[in-house]
Amino acid sequence: HLDDYHKSSQEVPKLNGIKNWDHPDAIDFDKLYQDIRQLKSGNPVIIMTKNETYNPNYSKTKNRIPLKVYPAKIIILEGYLSLYDAKIRKLLSSSIYLDTTPETSTKRSTKFLDPLYENSILNPMHHQYVDPTKQYADKIIDVSDKSIEQVLEELEKCLEIFLK
């Protein structure tokens, strides 16, 4: 998860006095690059995760915990700026961009966010930094009107093609 590569709160840039977690400068792309290279070389890496699947107390403690990630035939990098950094893109053998309308994206991602953050940071950052990265994807899937199950089916098909 790209979210596990967010820099510390003190390092995150601000926009209009608000911490801008959606700016590329909030991501430690160097660490991500090192970890992907290690995994591709067959070596495990330790990621300090906030992912609640592995760190169920994160929402209460805000403390990341170490998670050992082992190399695998398929390494999935998931996150809104996964295709932003050129060094990262060069490490990827294939990529998929899940596209949706701005309205659907905002609806899905802001149910937990403050409307001020949505309007002053999330939407402008998406248009400036995320949308342009779809040009680097090998496959773009419009997920606007698809269920999670339908999206997973399409992803499985893509993976089968990429593995051939």
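Residues numbered from 1 in each chain as written. Predicted model: local features only at pLDDT ≥ 70, side-chain atom pairs only at ≥ 80, totals over all residues. Heavy atoms only, no water.

Colleague: Even after reading the chapter, I still don't get a nonpolar patch on the surface, so can you show me in this structure?
Modeller: Taken together, the side chains of Ile-74, Ile-76 and Leu-163 make up a nonpolar region of the molecular surface, amounting to roughly 280 Å² of accessible area. For Ile-74, the location among the structural elements is in the loop between strand S4 (65-69) and helix H3 (86-91). What makes Ile-74 partly exposed here is its relative accessible area of 34%. (Patch = residues over 30% accessible without salt bridge, like charges linked within 9 Å, V, L, I, M, F, W, Y side chains within 5 Å. Areas by Shrake-Rupley, 256 points an atom, 1.4 Å probe, with all protein chains shown as cover. Salt bridge = Lys/Arg side-chain N within 4 Å of Asp/Glu carboxyl O. Helix = DSSP H or I, 4+ residues; strand = E, 2+ residues; numbered from the N terminus. Buried < 20%, exposed > 50% of the residue type's maximum accessible area, 1.4 Å probe, protein only.)

Colleague: Teacher, can you tell me more about the environment of Val-45 here?
Modeller: With respect to the helices, strands and loops of the structure, Val-45 is situated in strand S3 (residues 45-49). Take Val-45: its relative accessible area is 6%, and that puts it in the buried class. It is 36 Å that separates the C-alpha atoms of Val-45 and Asp-145, two residues lying 100 residues apart in sequence. The residues touching Val-45, leaving out its near neighbours within four places in the chain, are Asp-35, Gln-38, Leu-39, Leu-67, Lys-68 and Val-69. (Contact = heavy atoms within 4.5 Å.)

Colleague: Where do I start with the packing of aromatic side chains in this structure?
Modeller: To describe a pair of aromatic rings, you give the distance between the ring centres and the angle between the ring planes. All chains considered together, the criterion is met by 2 aromatic pairs. Ring geometry for Tyr-84 and Tyr-129: centres 5.8 Å apart, planes at 80°, overall edge-to-face. In this pair, Tyr-84 is assigned in the loop between S4 and H3 and Tyr-129 in helix H5 (residues 115-130), connecting sequence segments 45 residues apart. Through pairs of rings, three or more aromatic residues link up here, namely Phe-29, Tyr-84 and Tyr-129. Sitting over the ring of Trp-21, Lys-50 keeps its end group 5.7 Å from the ring centre. (Phe/Tyr/Trp six-rings, centres within 6.5 Å; stacked < 30°, edge-to-face > 60°. Lys NZ or Arg CZ within 6 Å of the ring centre and 35° of its normal.)

Colleague: How should I be thinking about the layout of surface pockets in this particular structure?
Modeller: Using a probe with the size of a water molecule, rolled over the atoms, empty space left in the structure can be pinpointed. Considering only enclosed or pocket space, the second largest pocket measures out at about 470 Å³ in volume. What lines the second largest pocket is a set of 21 residues, among which His-1, Ile-47, Val-69, Ile-75 and Ile-76 lie closest to the centre. Among the elements of the structure, helix H1 (29-40) and S4 are those that each provide at least two residues to the lining of the second largest pocket. At 4 residues, H1 tops the list of elements feeding residues into the lining of the second largest pocket. For the lining of the second largest pocket, the residue count by class is 15 nonpolar, 3 polar and 3 charged. (1 Å grid on protein atoms, 1.4 Å probe; cavity = no way out; pocket = protein on both sides within 12 Å on 5 of 7 lines; lining within 4 Å. Points joined across faces, edges and corners; volume = space filled by probe spheres on them. Nonpolar A, V, L, I, M, F, W, Y, C, P; charged D, E, K, R; others polar.)

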